[in-house]
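# Coordinate analysis (summary)
Residues per chain are reported as follows:
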Amino acid sequence: HISSMPNPVYRAVRNCFLQADMDPINRGLADWNPLRQFIPRGSRVFVLCNFANERRPDETLEDYRSRCTHGSVIRAVVDYILLAVGKEGRVQIGNAPTQFCHWNRVLDDTGAIHALNFYKSNGSPVEARDLRLVVTDASHLGAVRGVERRDDCQGVHINLGADSLLHELDSRGTQHYRVMNYDPRRTESFHSNGRHVYVVNRCILESDVIFSIPKFKTHEKVGISCALKGYVGTVAHKDSLPHHRYGDPALGGDEYPNDRLGVRRALTTFHEWVQKSRPESPGGSALRVAFRVFKRAARPISPVIEGAWWGNDTAWRMVLDLNRIATYASTDGVMQNRPCRSHLALIDGICGGEGEGPAYSTAVQAGVLLFGDDLPAVDRLNACLMGFDPQKIP
């Protein structure tokens, strides 16, 4: 299937693989199969994209493209994956976006739907997977219209215990782990008393290869959101993801740097009270609207909230825990001594994002594609290309 129009993105992906000297024997021949050395025939491949949420009404198309994987890159990558896996293989494309994301809308906004429709039309073994087990439908103001709770059998519980990088924090005393917009009691049930449990979607653990296509953008909690951070998208229950610890450093937390005016603590206290209410109840929905209004009003006084600052010492540990799970966890969630699957990444930096990423990034025409099979090495280069010192990003 040859495009009748110029396709510079497809050409760029091909050139990236050529520059990596992949399948050099067949370079320039019809049998060229660049991913052959990484993806055995018959493999089950999960293509992990950055599908955080759909485009906001006030967001420019350029800014949106700076934070979500574009369908043109997905199409080129999946074509080469299909060459490698052959008719016996299977390819899934997906992510676990925010609980409020409208899945079909984000597929449409990113252009991924066009690639998926193409593969469906010619019978290719490609399907889209929304990895979330809880989906909330809410209005722009935060009023909850409904909550969909999916089959919990799709979530695999993995307890890292003392092997978690969060264990070092436990030794400093009682830690109150948090992730915004979820009941704090649920998060503490996953991460307390020596337990560190993550609920990963079974589709991830049943794959042989994870090929991630993250964006080339900044992140307010971990510095950059590229190859490593993208693995947050593997988690089925988002309330098992500790993003920060409650309170300021004086309280043993890293939610915000200080609280001289008491506004931040008031926001957090109100937020936690709201999240303990049932979201689909009239009272719970009204409280969520009230909190959103309160939060917006307090923003000029207290801009740093929800662990979004350089002192966050929790989120990076969670990210690396997930990378280790995605590498060493068996299909039933037991950690092994040897890798259970391999990883590849192609960073979509054609349009990158800077500033208040990952959700409110500003577009940068970076013109970058970066491929690798070693995720920390890939992210080290991502940091350098952005102009950051990798040594300062844990």
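In what follows, the structure referred to is the one given above.
Residues numbered from 1 in each chain as written. Predicted model: local features only at pLDDT ≥ 70, side-chain atom pairs only at ≥ 80, totals over all residues. Heavy atoms only, no water.

### Overview of the overall build of the protein
Helix and strand counts for the protein stand at twelve helices and 16 strands. Its C-alpha radius of gyration of 21 Å places the protein within 12% of the 21 Å reference for a compact globule of 394 residues. With the C-alpha coordinates aligned to their principal axes, the bounding extent of the protein is approximately 65 × 45 × 45 Å. Counting over 394 residues, the protein shows a buried share of 53%. (Helix = DSSP H or I, 4+ residues; strand = E, 2+ residues; numbered from the N terminus. Rg over C-alpha atoms; globule rule 2.2 N^0.38 Å. Buried < 20%, exposed > 50% of the residue type's maximum accessible area, 1.4 Å probe, protein only.)

### Here we look at the side chain of Asp-254
Position of Asp-254 relative to the elements: it lies in the loop between strand 13 (244-245) and helix 9 (263-275). A distance of 2.7 Å separates a polar side-chain atom of Asp-254 from the backbone nitrogen of Asp-313. (Polar contact = N/O pair within 3.5 Å; in protein donor to acceptor, adjacent residues only side chain to side chain.)

### Details of the pattern of salt bridges
For the structure shown, the criterion picks out 26 salt bridges. As a salt-bridge pair, Asp-239 and Arg-186 come within 2.8 Å of each other at their nearest N and O atoms. Taken as a pair, Asp-239 in the loop between strand 12 (223-225) and strand 13 and Arg-186 in helix 7 (residues 184-190) lie far apart in primary sequence, 53 residues in all. Linked by salt bridges that have partners in common, Asp-130, Arg-132, Glu-148 and Arg-150 make up one network. (Salt bridge = Lys/Arg side-chain N within 4 Å of Asp/Glu carboxyl O.)

### Description of the environment of Lys-221
For Lys-221, the position within the fold is in the loop between strand 11 (215-219) and strand 12. A residue is classified by how much of its surface remains accessible, and Lys-221, at 16% relative accessible area, is buried. In the structure, Lys-221 is positioned 89 residues away from Trp-310 in sequence and 6.6 Å away in space, judged by C-alpha atoms. Residues within four places of Lys-221 in sequence aside, it is in contact with His-243, Glu-306, Gly-307, Ala-308, Trp-309, Asn-312 and Ala-315. In terms of polar contacts, Lys-221 uses its side chain to reach the side chain of His-243, at 3.3 Å. (Contact = heavy atoms within 4.5 Å.)

### What about unusual backbone geometry?
Residue Pro-358 follows Gly-357 across a cis peptide bond; omega there is 10 degrees. Tracing the sequence through the fold places Pro-358 in the loop between strand 14 (342-356) and strand 15 (360-364). If you check the backbone angles, Asp-21 has positive phi at about 60 degrees while not being a glycine. Take Asp-21: it is sitting in the loop between helix 1 (8-19) and strand 1 (44-49). Its relative accessible area of 45% is what places Asp-21 among the partly exposed residues. Its identity as a non-glycine residue notwithstanding, Asp-23 has a phi of 50 degrees, on the positive side. Locating Asp-23 in the fold gives a position in the loop between helix 1 and strand 1. Judged by relative accessible area, Asp-23 falls into the buried class, the value being 11%.

### A look at the environment of Arg-185
Checked against the element boundaries, Arg-185 lands in helix 7. Judged by its relative accessible area of 49%, Arg-185 is partly exposed. Expressed as a C-alpha distance, the spacing of Arg-185 and Asp-239, which sit 54 residues apart in the sequence, is 9.4 Å. Separated by 3.1 Å, the side chain of Arg-185 and the backbone oxygen of Lys-276 make a polar contact.

### Quick notes on the side chain of Asn-33
Its place among the elements puts Asn-33 in the loop between helix 1 and strand 1. Judged by its relative accessible area of 8%, Asn-33 is buried. Reaching out from Asn-33, the side chain makes a polar contact with the backbone oxygen of Leu-83 at a distance of 3.5 Å. With near-sequence residues (within four places) excluded, Asn-33 lies in contact with Asp-23, Tyr-80, Leu-83 and Ala-84.

### Examining the sheet that holds strand 6 (residues 155-159)
Spatial ordering of the open sheet is given by 6-9-8, a layout of three strands whose pairing is antiparallel. Pairing within the sheet leaves two strands with one partner each, and these edge strands are strand 6 and strand 8 (191-192). Relative to strand 9 (residues 195-201), strand 8 runs antiparallel, the two sharing two bridges. Bridged to His-191 within strand 9 is His-196. Along the sheet, helix 11 (residues 315-328) makes contact with strand 6 and strand 9, crossing strand 9 at roughly 60 degrees. (Pairing = 2+ DSSP bridges. Axes fitted to C-alpha atoms, helices over the stretch in contact; angles between N-to-C directions.)

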